[in-house]
Number of protein chains: 2
Amino acid sequence: MLQIIGQEKKKGNDTIVREFSLSIFFNNQELVTLACSPSNLEHLVAGFLFSEGFVKGKHDLNEIVVDYQRGVAKVTTKEGKKKGGDFSIKRLIASSGGKGISFFHPTDSHYHTTIKSQIKISTTEIFALMDEFVQRSKIFQDTGGVHSAALCDKNEILLFREDIGRHNAIDKIFGECILKNIQTDERIILTSGRVSSEILLKVSKRNIPLLVSKSAPTDMGVQLAGEFGMTLIGFARGERMNIYTHEYRVM
Amino acid sequence: MLQIIGQEKKKGNDTIVREFSLSIFFNNQELVTLACSPSNLEHLVAGFLFSEGFVKGKHDLNEIVVDYQRGVAKVTTKEGKKKGGDFSIKRLIASSGGKGISFFHPTDSHYHTTIKSQIKISTTEIFALMDEFVQRSKIFQDTGGVHSAALCDKNEILLFREDIGRHNAIDKIFGECILKNIQTDERIILTSGRVSSEILLKVSKRNIPLLVSKSAPTDMGVQLAGEFGMTLIGFARGERMNIYTHEYRVM
């Protein structure tokens, strides 16, 4: 790599972010190939399958075996092949990935739950959480444009994950929660990425009352947050933020 | 929307970026739904179909009719239904969109063309192009996190497009080039977004010798640029940039 600064040229040796291909086989059927960062792949797979409605929780899963060498994850469910056979596919192209797919499983009807949590949080607490979040993300954002996501309570970050995909970073968090029985109900998600309708749907399925992003929401993201009862905060940077919906949770 | 600045709260009225759903029907068969920004949709559709290998150029297309009210684009090809029936689908989850799909058409084998253009450009010319690019993107990036892409020659920006999806912004450019017979061979693409393998494949299919990004490439992006003979530049900001591959085109 050649680094140019003004008129100067020098050999550089920057870290380049890795892009990894992970093919998921669901009950021996090839389901999808994810472009992702090669960490916490078991959590990514569990989170993805939950987000897309293939599994409803840990109880549905039999085994997830990830082969990091070959880039393959083999998933079996307790119901086995029966369940693998009946998924229908609705193709949806994701906003910031450009190319997208969405699966709607017939047994999946979590979309319209209203989030009822009465959790309250102060602006100072949100600023402090975002400050810690940005500190932890810093190296990665500077070097590789990697996205970050975190699960928090009011006082601290409980889980922090990165991925080249903003959806994946959140799926890694939720996958870990599912596999380790970590509660999400009264908790907060922080994300570096924009909040499109897909992100909103993903987070609402875990019953999260507060979603805080460093970036912008889309109008569909705001609309869905309003409908689902989620407090959506965008542009949370330094001592500033915009509260788009259900501001009663912020003191 | 409630705007928080330090301890102050005030009613805000920010512009929120629009997210639009566009369903593409290809020879009367539902192909895909894109999450996009609602501008230049005819170009987006043409560019998407080319990128994904459904059409090889303008000559394949009969008609693209976009219904902005219903969010539907109806595309017919000259070969008609015959062509619509035989596409096979390979699902691929895009890095930054999280959810992705990639179609491989049997007749599509553009991937391994080597780019032979001997175009030369100075670092000063690249800095000037990126400066204009950032100026034009500024409002949108501040308000909505929208991605930008531009087609340039050495002297100026020829086409500039935005979209909530970084893939879409580039597809809008290429779609317009295809429909209006605008040459891309000896030209340059600027993008605000990260360069993953998918972006690299998309741009290489238009035989573009120089791809300049404000953001980072992934390792797979760099590897493919090397193989395809494309000069890949990342982190082009102010008077700085990193040249990852085929630096002989930059003086």
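Residues numbered from 1 in each chain as written. Chains lettered and ligands numbered in written order. Predicted model: local features only at pLDDT ≥ 70, side-chain atom pairs only at ≥ 80, totals over all residues. Heavy atoms only, no water.

A.B. asks: Please clarify how the packing of aromatic side chains should be interpreted in this entry.
C.D. replies: Aromatic ring pairs are described here by two measures, namely the spacing of the ring centres and the angle between the planes. Under the counting rule described, the total for this entry stands at 4 aromatic pairs over all chains. Between phenylalanine 133 of chain B and phenylalanine 160 of chain B, the ring centres sit 5.8 Å apart and the planes meet at 70 degrees, which makes this aromatic pair edge-to-face. In this pair, phenylalanine 133 of chain B sits in helix α3 (residues 123-144) while phenylalanine 160 of chain B sits in strand β11 (residues 157-163), placing the two residues 27 residues apart along the sequence. Over the ring of phenylalanine 50 of chain A we find arginine 206 of chain A; its NZ or CZ atom is 5.0 Å from the centre of that ring. (Phe/Tyr/Trp six-rings, centres within 6.5 Å; stacked < 30°, edge-to-face > 60°. Helix = DSSP H or I, 4+ residues; strand = E, 2+ residues; numbered from the N terminus. Lys NZ or Arg CZ within 6 Å of the ring centre and 35° of its normal.)

A.B. asks: Would you take a moment to explain the confidence of the model for chain A for this structure?
C.D. replies: Low pLDDT means the predicted atomic positions in that stretch should not be read closely. Residues and elements named next belong to chain A. Mean pLDDT for chain A: 87, with 85% of residues reaching 70 or above. Here residues 88-110 is modelled with pLDDT under 50, and outside its nearest four sequence neighbours on either side it reaches 108 contacts, counting other chains as well. Reported confidence for the predicted complex is 0.84 by ipTM and 0.88 by pTM. (pLDDT = per-residue confidence, 0-100. Contact = heavy atoms within 4.5 Å.)

A.B. asks: Looking at this structure, I do not really get the sheet that holds β11 of chain B. What am I missing?
C.D. replies: Sheet strands associate in pairs through backbone hydrogen bonding, adopting either a parallel or an antiparallel arrangement. Read across the sheet, 8 strands follow the order β2(A)-β1(A)-β15(B)-β14(B)-β13(B)-β12(B)-β10(B)-β11(B) without closing on themselves; strand pairing throughout is mixed. Unpaired on one side and paired on the other, β2 (8-11) of chain A together with β11 of chain B mark the two borders of the sheet. Across the sheet, the mean angle from the axis of one strand to that of its neighbour is 20 degrees, orientation sign disregarded. For strand β10 (residues 147-152) of chain B and strand β12 (residues 188-191) of chain B, the ladder comprises 4 bridges, and the chain directions are antiparallel. (Pairing = 2+ DSSP bridges. Axes fitted to C-alpha atoms, helices over the stretch in contact; angles between N-to-C directions.)

A.B. asks: In this structure, what is going on with the environment of leucine 44 of chain B? I would like to understand it.
C.D. replies: Mapped onto the fold, leucine 44 of chain B is located in helix α1 (residues 41-51). Measuring from C-alpha to C-alpha, the distance between leucine 44 of chain B and glutamate 239 of chain B comes to 32 Å, with 195 residues separating the pair along the chain.

A.B. asks: Can you walk me through the pattern of salt bridges in this structure?
C.D. replies: Where side chains of opposite charge bring their charged atoms close, a pairing between them can arise. All names here are of chain A. For the structure on display, the rule yields 16 salt bridges over all chains. The partner of lysine 172 in a salt bridge is aspartate 163, and the shortest N-O contact between them spans 2.8 Å. The class for lysine 172 is buried, based on a relative accessible area of 0%. A single network of salt bridges, built from pairs that share partners, joins Arg161, Glu176 and Lys180. (Salt bridge = Lys/Arg side-chain N within 4 Å of Asp/Glu carboxyl O. Buried < 20%, exposed > 50% of the residue type's maximum accessible area, 1.4 Å probe, protein only.)

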